[in-house]
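# Descriptive analysis of the structure
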Amino acid sequence: KDCVVGQYDGYQDDPDIQRLNQQKGYESRCPTFAVVVLYLDNERWSGVPFIMKAGKALETQQTIVRIQFKKAPPNSLFGDQPQNELVIRIQPNEAIYYKILAKMPGLTQRARDVQ
């Protein structure tokens, strides 16, 4: 329920994997992508999911910690809106930034994402 593993389409078509499959005598069952949802069992973090994703042969090689805050209530001032999030990019090009929804200047009730 809280863990999913899978293998990319075309993984078995890789010449190196085909050679390994012939040596072993069966197709590789090695997962190439995984997602797991973890929960801490204490009062402070109760109900807060920690989602970890990892994969081989993705388009980019990166390490990112993304903290998504709770969504605002559906009947809030700006209506349905994206979650605020704190992003910590560890590699490549280290960075820390905060994506928030901010009210645009003026008398209207419009908002936009800012970083």
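Residues numbered from 1 in each chain as written. Predicted model: local features only at pLDDT ≥ 70, side-chain atom pairs only at ≥ 80, totals over all residues. Heavy atoms only, no water.

### Topic: the pattern of salt bridges
Counted according to the given criterion, the structure contains three salt bridges. Ionic pairing is found between Arg19 and Asp16, a salt bridge with its closest N-O pair at 2.8 Å. In this pair, Arg19 and Asp16 are both assigned in helix H1 (residues 15–24), three residues apart and thus about one turn of the helix distant. Residue Glu85 is joined to Arg66 by a salt bridge in which the shortest nitrogen-to-oxygen separation is 2.7 Å. Separated by 19 residues along the polypeptide, Glu85 in strand S5 (residues 85–91) and Arg66 in strand S4 (residues 63–68) bring together distant segments of the chain. Look at Glu85 and you get buried, because its relative accessible area is 6%. Residues participating in the shared-partner salt-bridge network are Arg66, Glu85 and Lys99. (Salt bridge = Lys/Arg side-chain N within 4 Å of Asp/Glu carboxyl O. Helix = DSSP H or I, 4+ residues; strand = E, 2+ residues; numbered from the N terminus. Buried < 20%, exposed > 50% of the residue type's maximum accessible area, 1.4 Å probe, protein only.)

### Structural notes on a nonpolar patch on the surface
A cluster of nonpolar side chains, contributed by Leu38, Leu40, Trp45, Phe50 and Met52, occupies part of the molecular surface with about 440 Å² of accessible area. The partly exposed category is assigned to Met52, whose relative accessible area is 48%. (Patch = residues over 30% accessible without salt bridge, like charges linked within 9 Å, V, L, I, M, F, W, Y side chains within 5 Å. Areas by Shrake-Rupley, 256 points an atom, 1.4 Å probe, with all protein chains shown as cover.)

### Brief notes about H1
An α-helical segment advances 3.6 residues per turn. Residues three or four places apart therefore align on the same side. Where H1 begins, one side-chain oxygen reaches toward the backbone nitrogen of Asp16, 2.7 Å away; that side chain belongs to Asp14. Two residues or fewer after H1 comes Gly25, characterised by a positive phi angle close to 90°. (Polar contact = N/O pair within 3.5 Å; in protein donor to acceptor, adjacent residues only side chain to side chain.)

### Here's the deal with the pairing of strand S2 (residues 33–38)
In the sheet, strand S1 (residues 3–6) pairs with S2 via four bridges, with the strands oriented antiparallel. Residue pairing for S2: Val5 is matched across the bridge by Ala34. In terms of strand pairing, S2 meets strand S3 (residues 50–55) through six bridges, oriented antiparallel. When the bridges of S3 are listed, Val37 appears paired with Ile51. (Pairing = 2+ DSSP bridges.)

### Details of the side chain of Ser28
One can find Ser28 in the loop between H1 and S2. Here Ser28 falls in the buried class, since its relative accessible area comes to 13%. Ignoring sequence-local partners within four residues, the contact set of Ser28 consists of Gln7, Tyr11, Gln12, Ile17 and Asn21. (Contact = heavy atoms within 4.5 Å.)

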